[in-house]
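Architecture and fold: a report
One letter stands for each residue in the lines below.
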Amino acid sequence: MRLEILPIEGIGEVSPGDDLAHLLAIAIGPLAPRRGDVLVVTHKIVSKAEGAVRRIVGDETAFKRELVEEMAASIVRRRGDLIIAETKHGFICANAGVDRSNAAEGTMVLLPEDPDRSAHRIRTRLDREVGVDLPVIVSDTFGRPWRRGLTDIAIGVSGLLPILDLRGSLDWTGRELEVTEIAVADELASAADLVMGKSSGVPAALVRGYDGPRGQGRGADLVRPVDEDLFR
């Protein structure tokens, strides 16, 4: 398998109510999308188009703290102004996904209400407008326990299996794999981020050449159940 990562340019600023799928269809056109491509879209433009944006009222720090607590299902840890929270989607992340980066002046952007539904809607519309059934990943930037730095992960998925389960197969020495599950949707999201990023103004990318299994997986499949989480 050989992958190529193609930035999708020309989308511009997205505002609440914009037809994001149509904007993506226009911007994707010059790249001649084809089978084997996977579309990765940052959650920011999904959230903006869906209206998951709040205008700041009063003191920004206090407003953000109140908004984080509103968006959180539970608070995991606090350190100064930083809150690690579990969102209503089951994600454990900083500030329950509430963010000011790449937000319009005086606003904060939230996570999409249902990232899997958002991914499916984009995929369905693009299939009609572009004529290619592109798997869609909605991505966000997360920190990682025990590791410095940030990376993008898949919070919404439509059209591919987000986990490649290799349990029961053999490694190159002939030993049976017992626990290996590859988070391919996260790997595709992080690969796409190499040509996107917060400062580039490129909120989407095509990962070309992925030949892994398609299917009706969801981003929610990547969330580890509480009874399997050794750190809670």
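Attention here is on the structure that accompanies the text. Fair warning: this is a prediction, and the values are worked out from it, not measured in the lab.

What about the environment of Ala-205?
Its location among the elements puts Ala-205 in strand β12 (residues 204–208). On the accessibility criterion, Ala-205 (0% relative accessible area) is buried. Among all residues touching Ala-205, those that are not within four sequence positions of it are Ile-5, Leu-6, Pro-7, Ile-8, Val-38, Leu-39, Val-40, Ala-192, Val-195 and Met-196.

As for unusual backbone geometry
Notably, Ala-32 is not glycine yet its phi reads approximately 50°, a positive angle. As for its position among the elements, Ala-32 is in the loop between α1 (20–28) and β2 (37–42). Of note in the backbone geometry, Asn-102 takes a positive phi value of approximately 55° without being a glycine. Mapping Asn-102 onto the fold places it in the loop between β6 (92–94) and β7 (107–109).

Quick look at the nonpolar core
Ranked by internal contacts, the top residues of the largest apolar core, which has 29 residues, are Ile-8, Leu-20, Leu-24, Ile-28, Leu-39 and Ile-122. With 5 residues, the top contributor of residues to this core is α1. When residues no more than four places from it in sequence are discounted, the contact partners of Ile-28 are Ile-8, Pro-33, Leu-39, Leu-126, Leu-134 and Leu-206. Counting residues in each nonpolar core, the second largest holds 16 residues, with Val-40, Val-157, Ala-192 and Tyr-210 among its members.

Definitions and limits used
- Residues numbered from 1 in each chain as written.
- Predicted model: local features only at pLDDT ≥ 70, side-chain atom pairs only at ≥ 80, totals over all residues.
- Heavy atoms only, no water.
- Helix = DSSP H or I, 4+ residues; strand = E, 2+ residues; numbered from the N terminus.
- Buried < 20%, exposed > 50% of the residue type's maximum accessible area, 1.4 Å probe, protein only.
- Contact = heavy atoms within 4.5 Å.
- Core = buried A, V, L, I, M, F, W, Y, C linked by side-chain atoms within 4.5 Å.

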